Amino acid sequence: MTPALSLENITKRFPGVLANDRVNLTVAEGEIHAICGENGAGKSTLMNVLYGMLPADEGRIVVGGDEVHFRSPRDALAAGIGMVHQHFMLADNLTVLENIILGAEPKGRGGRIDFTGARRRVTELGDAYGLDVHLDEPVENLGVGERQRVEIIKVLYRGARILILDEPTSVLVPHEVEELFRNMRDMCARGETIVFIDHKLDEVLEIADTITVLRAGRTVATVKPDEVSPSDLAELMVGSELPTPETRTTSVQDTVSLQVEDLSVLDDDEREVVKQISLEVRRGEIVGVAGVEGNGQIEFVEALLGIREPSQGRLLLEGAEINEWSVRQRREAGIGYIPEDRHRRGLLLPAPLWENAMCGHQGKEPYSRKGFWLAPKAARERTRELIAAFDVRTPGPDVAAHALSGGNQQKLIIGREMIMTPNLLIAAHPTRGIDVGAQAAVWETLHLAREQGLAVLLVSADLDELIGLSDRLLVIFRGRISAALDPATVTPRELGAHMTGAATEAEEPQHA
Amino acid sequence: MSPRASHRLPAHRRLTLALAAPVAALILSLAIASIALVLSGSNPFPAYGRMFSYGFELETLVDMVNRATPLYLSAVAVAIGFRMNLFNIGVEGQYILASIIAAQVAAELSLPAPLHLTVIILVGMATGSLWAVIAGVLKVTRGIHEVISTIMLNAVSISFVVAMLFRRWDVPDESLNQETAEIPASGRMPNLNGFVETFTRDIGKGRFLWGFVIVAIIIGILYWIYVSRTRPGYDLRASGINPLAAEAAGVSPKRTIIVAMALSGAVGGLVGLPEVLGRDYAYGLQFTQNLGFAGIAVALLGQNHPGGIAIGALVFGFLDSAAPILDVHGDAPQEIVEIMKGIIIFAAVITYVVVQRRRQAEEARAASLAMASTEPDPPSDAPEPDARPAT
């Protein structure tokens, strides 16, 4: 039987990042096909390519046996592919019916919109697929679950036979998830094909007919849910190649550099995403905080830096309470920071490298004198040293940061922190999205610094990195430290299971 | 390219790229203005010739500088905001309010000359600054976008506060001219005619080169030093480029917004003073409005660079001061210069983008060359041989 959809060797590059590396995906007619993988594994890029929002650099897309070339979502829709985005795209002040037909209004007599006809068709669709919505309600009055149904009907109304649902459960509460799954099964029973993106293991195993796992931009496996256990899937998602075991010499000193006591942090929506975390990092120690993204790590790090105010708890740096300190005070007291997203929090992309090198240290020698007068000449000189010491491949310090490849940008960021000899380094995903060579250089740098007494808090999801570098491992899951593991004995499989919650859930089954 | 990769683009290349945009903009605007003139039945060439010869007469040049001075200050005020990604549309309201208050304070004070003048200037800066900070505070505390708040504050300033103050401070006299009390001699900015005339013939036609141009030059230098040579200036720019990265680097976004608005408003408070202190010696009905909006255009044209803004202000000053000759001789309506100004901005904005892309591409090429010349390993993602047997 011809598959409903197949992607062959899709490759998509962004400057410095290989987002999709010869990805293959075959989706059979009428099935629910889950694509899972960590954030950053390339799921969204793949879906954007499939939906015509991004052109693929290489590879073929075949729909129902015919090769297609999409230049826009309109082309994808014409071929029967519709997408429901993670963030809804609805006009709040219009009614459900108006939203559904928006942009595809049926024309009635005299160029007016044929609302009667539209209503009939939408009602039919809703009944057929068991999607229950109130057509005359303004969208602003709807809850999240109902908005999602509106989005789904919108796509069906446009004639889609293959639906892409991008992390549809991330916004739903449990009973809404159940309803969504019921709807999905109904739709498949009526011949729709669903491609479903998710990284929650239990959900994927419950709903999917087939699961394709992506990791670091590659297809690692395509499996059936009854063939795999949650921990198998976890291992596939986060990877399991063992790092070359490091000779473990401990350099941990007695002095506690960072102490976190009972820290809780709220996110922008006032939800508690970090729950009573306590930990300490000593000088000469690397403490790994392992977790799949979205378990509160970003907010945790922001609280340590002073960007986000904690709702409770104490922070101590070298014994002094720093809760009331500004970001600048903390940075000047010697907290180095490698951000999880170098473009978002790390770099001034259009600015020259020397201005990037001083970012975060702009008040210190040699970048400025008396904390006020910039010293561009000395800053350029220091940047040249940094470029040489950390092997940043660039024509020189006056090149804009966006001209560099991702790995070199990362080396610049790591260099700018390390060259200022911090007391405490907060390293969030320090090797994400960079090539193997640059990765090894970064690990080497962190290793050396640790031996010289640097305290490192390593927030990561990379098993090799966590096990290979850390002196101690803590697992963060749903905002809590859920396990403390010994990197010398833990297997990647166990760690992966802990990170995805598979281990915890196996031990203490949840009651729904 | 030389084998020893230089760390920046060669100097002549950078200069060419920097000049390409404004020159292209000027040529384009002359061309389009010519079309407009032809369509309206005028011959463009005599009109341009007349503007050119009149424009470079000494008296017209004095007009040009006098016109450019407030434009420059206004544009610097706007540029300070732009550097922080803030759109201060409120320079209009800030400078008009600052001017009337400064004029009134100047008239009521009596101090020795240099002190008197200094106090007036500081009063103008403080007024502009405080008025601008209102928008900053609204943004920081209530999340109100500065475009909305500064536009509304313009209305409040001009139509309400200034109107009320002017009713109160307007000195009734037998002339029809309404204005505030006259500023005494110690509070007037001396003109520079004497200085200029040591190099040229005497300036005639009752023209005076306002001394305030010196203040504008000083402000330009201070702006340059602040932005490119001080840490707070770096913070401001960093925050404008990437507020999240700047925040992680210890730059408080809220604080920076307030500081940027305060500085922008302080410079904005100076915009009306050249004519208050150099020509009218009072705030009156003849006071020039709309300089705040013109400043946005000049800042755009000058790409927020102190030197670029100076050129932009002088070009606009030249067009404004040379245009009246067109009506005198009936070659063309003088409003043609408004078309030219509009097109200059349009063309400049477009060509800047083109040039910037060009420069980025050249830099990226240089960077990848540097990588290739030092890269020992082949790319790590070498394609695997195709495993499937050919059928």
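This is a predicted model, so every value here is computed, not measured.

What counts, and at which threshold
- Residues numbered from 1 in each chain as written.
- Chains lettered and ligands numbered in written order.
- Predicted model: local features only at pLDDT ≥ 70, side-chain atom pairs only at ≥ 80, totals over all residues.
- Heavy atoms only, no water.
- Helix = DSSP H or I, 4+ residues; strand = E, 2+ residues; numbered from the N terminus.
- Areas by Shrake-Rupley, 256 points an atom, 1.4 Å probe, with all protein chains shown as cover.
- Contact = heavy atoms within 4.5 Å.
- Buried area = accessible area lost by both parts, 1.4 Å probe.
- Salt bridge = Lys/Arg side-chain N within 4 Å of Asp/Glu carboxyl O.
- Polar contact = N/O pair within 3.5 Å; in protein donor to acceptor, adjacent residues only side chain to side chain.
- Nonpolar A, V, L, I, M, F, W, Y, C, P; charged D, E, K, R; others polar.
- Pairing = 2+ DSSP bridges.
- Axes fitted to C-alpha atoms, helices over the stretch in contact; angles between N-to-C directions.
- pLDDT = per-residue confidence, 0-100.
- Parallel < 35°, antiparallel > 145°, perpendicular 65-115°, else oblique.
- Left-handed = near helix turned anticlockwise from the far one by under 90°.
- Phe/Tyr/Trp six-rings, centres within 6.5 Å; stacked < 30°, edge-to-face > 60°.
- Buried < 20%, exposed > 50% of the residue type's maximum accessible area, 1.4 Å probe, protein only.
- Lys NZ or Arg CZ within 6 Å of the ring centre and 35° of its normal.
- Core = buried A, V, L, I, M, F, W, Y, C linked by side-chain atoms within 4.5 Å.

Participant: Explain the overall build of chain B here, please?
Facilitator: Secondary structure assignment for chain B yields 16 helices and zero strands. On the principal axes, the C-alpha backbone points of chain B span a range of 105 × 55 × 45 Å. Accessible area of chain B: about 19000 Å², with a carbon and sulfur share of 67%.

Participant: Quick question: what am I supposed to make of the interface of chain A and chain B here?
Facilitator: Where interface size is given, it is often the accessible area lost as the parts come together that is meant. Across the boundary between the two partners, chain A contributes 46 residues, which contact 37 residues of chain B. The contact between chain A and chain B buries some 3400 Å² in all, and 57% of this surface belongs to carbon and sulfur atoms. On the chain A side of the contact with chain B, A:Arg328, A:Arg393 and A:Pro395 bury the most area, a combined 19% of that side's loss. The interface formed by chain A and chain B holds three salt bridges in total. Here B:Arg237 makes a salt bridge to A:Glu355, at a shortest N to O gap of 2.8 Å. At the junction of chain A with chain B, the criterion picks out 15 residue pairs in polar contact (both at pLDDT 80 or more). Among the elements of the structure, strand S2 (17–27), helix H10 (327–332), helix H11 (342–346), strand S18 (373–374) and helix H13 (376–389) of chain A are those that each provide at least two residues to the side of chain A that touches chain B. It is H11(A) that contributes the most residues to the side of chain A that touches chain B, four residues altogether. A class-by-class count of the residues in the side of chain A that touches chain B yields 21 nonpolar, twelve polar and 13 charged.

Participant: Even after reading the chapter, I still don't get the sheet that holds strand S7 (residues 162–166) of chain A, so can you show me in this structure?
Facilitator: Hydrogen bonds between backbone groups are what pair the strands of a sheet, and the pairing can be parallel or antiparallel. Residues and elements named next belong to chain A. The six strands lie next to each other as S6-S7-S8-S3-S9-S10, forming an open sheet whose pairing is mixed. Strands at the two margins of the open sheet, each flanked by one partner only, are strand S6 (81–84) and strand S10 (218–223). On average, each strand axis in the sheet is inclined to that of its neighbour by 20°, with strand direction left out of account. One ladder, built from five bridges, connects strand S3 (residues 32–36) with strand S8 (residues 193–198); its direction is parallel. Following the sheet pairing, His 33 is matched in S8 by Val 195. Lying on the sheet, helix H5 (residues 144–157) is in contact with S6 and S7; it crosses S6 at an angle near 165°.

Participant: Please clarify how the confidence of the model for chain B should be interpreted in this entry.
Facilitator: Residues and elements named next belong to chain B. For chain B, the mean per-residue pLDDT works out to 85, and 90% of the residues sit at or above 70. For residues 374–391, every residue scores under 50 in pLDDT, and the model assigns this stretch eleven contacts once sequence neighbours within four places are set aside. Taken together, the chains of this predicted complex give a pTM of 0.74 and an interface ipTM of 0.82.

Participant: Quick question: what am I supposed to make of the packing of helix H2 (residues 44–55) of chain B against helix H14 (residues 306–322) of chain B here?
Facilitator: Helix-helix packing: each pair is described by the crossing angle between the helix axes and the interaxial distance. Residues and elements named next belong to chain B. Relative orientation of the contacting elements H2 and H14 amounts to 105°, with a least axis distance of 9 Å. Regarding the angle of H2 to H14, the classification is roughly perpendicular. Seen from H2, the contacting residues are Met 51, Phe 52, Tyr 54 and Gly 55; seen from H14, they are Phe 318, Leu 319, Ser 321 and Ala 322. Here the residues of the contact of H2 with H14 sort into six nonpolar, two polar and no charged.

Participant: It is not clear to me how the packing of helix H13 (residues 291–301) of chain B against H14(B) should be interpreted in this structure. Could you clarify?
Facilitator: Residues and elements named next belong to chain B. Two elements in contact, H13 and H14, have axes separated by 7 Å at closest approach and are oriented at 125°. Comparing the axis directions of H13 and H14 gives the class oblique. Between H13 and H14 lies a crossing whose hand is right-handed. Where H13 abuts H14, its residues Ala 297, Val 298, Ala 299 and Leu 301 lie against Ile 309, Gly 312, Ala 313 and Phe 316. For the contact of H13 with H14, the per-class residue count stands at seven nonpolar, one polar and no charged.

Participant: Can you help me understand the packing of aromatic side chains in this one?
Facilitator: What characterises a pair of aromatic rings is the spacing of the ring centres plus the angle enclosed by the ring planes. On inspection of all chains with the given rule, the structure shows nine aromatic pairs over all chains. Between the aromatic rings of B:Phe56 and B:Phe318, the centroid separation amounts to 5.2 Å while the plane-to-plane angle is 45°, which identifies the pairing as tilted. One end of the pair, B:Phe56, is in the loop between H2 and helix H3 (58–83); the other, B:Phe318, is in helix H14, and 262 residues separate them in sequence. For B:Phe56, a relative accessible area of 47% corresponds to the partly exposed category. The exposure class assigned to B:Phe318 is buried, which follows from its relative accessible area of 15%. Their ring planes at 85° and their centres at 5.4 Å tell us that B:Phe166 and B:Tyr283 sit as a pair that is edge-to-face. With B:Phe166 in helix H6 (residues 146–169) and B:Tyr283 in the loop between helix H12 (273–280) and H13, this residue pair connects regions lying 117 residues apart in the sequence. Residue B:Phe166 is classed as buried on the basis of its relative accessible area, which comes to 11%. One aromatic cluster in this structure is built from B:Tyr95, B:Phe166, B:Tyr283 and B:Phe287. The ring of A:Tyr129 has A:Arg190 sitting right over it, with the charged end atom 5.6 Å from the ring centre. Above the plane of the ring of B:Tyr281 lies B:Arg188, whose end atom (NZ or CZ) is 4.0 Å from the centre.

Participant: Teacher, can you tell me more about the side chain of B:Thr69 here?
Facilitator: Residues and elements named next belong to chain B. With respect to the element layout, Thr 69 can be found in helix H3. Residue Thr 69 is classed as buried on the basis of its relative accessible area, which comes to 4%. Within the local environment of Thr 69, its side chain forms a polar contact with the backbone oxygen of Val 65, the two atoms lying 2.8 Å apart. Look past the residues within four positions of Thr 69 in its chain and what remains in contact with it is Phe 212, Val 213, Ala 216 and Pro 274.

Participant: Help me understand the environment of B:Leu30 in this model?
Facilitator: Residue and element names in this part refer to chain B. Relative to the assigned elements, Leu 30 resides in helix H1 (residues 11–39). Relative accessible area serves as the criterion here: at 36%, Leu 30 is assigned to the partly exposed category. Along the chain, Leu 30 and Ile 343 lie 313 residues apart, while their C-alpha atoms are 8.7 Å from each other. Setting aside anything within four residues of it in sequence, one finds Leu 30 in contact with Tyr 48 and Met 340.

Participant: For this particular structure, what's the right way to read the pairing of S7(A)?
Facilitator: Looking along a regular strand, one sees side chains alternate from face to face of the sheet. Residues and elements named next belong to chain A. Taking burial as the measure, the five residues of S7 include five buried ones, the bulk of the element. Side chains Ile 162, Ile 164 and Asp 166 project from S7 onto one buried face, and the interleaved Leu 163 and Leu 165 project onto a second face that is buried too. In the sheet, S6 pairs with S7 via four bridges, with the strands oriented parallel. From the neighbouring strand, Gly 82 faces S7, where its bridge partner is Leu 163. Inspection of the sheet shows S7 paired to S8 by five bridges, in the parallel sense. In the sheet register, Asp 166 faces S8, and the bridge partner there is Ile 197.

Participant: Sorry if this is basic, but what is going on with the nonpolar core here?
Facilitator: Side chains of a nonpolar character, in soluble globular proteins, are inclined to be buried together. A:Met184, A:Ile211, A:Leu495 and A:Met499 are the most contacted members of the largest nonpolar core, which totals 110 residues. The residues contacting A:Leu495, other than those within four sequence positions of it, are A:Ala290, A:Leu463, A:Leu466, A:Ile467, A:Leu473, A:Val475, A:Leu485 and A:Val490. Core analysis: the next-biggest nonpolar cluster, separate from the first, contains 91 residues, B:Ala68, B:Ala299, B:Ile309 and B:Ile336 among them.

Participant: Explain the sheet that holds strand S12 (residues 272–282) of chain A to me, please; I cannot follow it from the model alone.
Facilitator: Residue and element names in this part refer to chain A. As summarised here, the arrangement of the four strands in space is S12-S11-S14-S15, forming an open sheet in which the pairing is antiparallel. Only two strands of the sheet have a single neighbouring strand rather than two, namely S12 and strand S15 (320–321). Sheet topology note: the strand S14 (residues 312–317)/S15 ladder contains two bridges and is antiparallel. Counterpart to Leu 317 in the pairing with S15 is Ala 320. Packing against the sheet, helix H9 (residues 297–305) makes contact with strand S11 (256–266), S12 and S14, and its axis sits at approximately 120° to S11.

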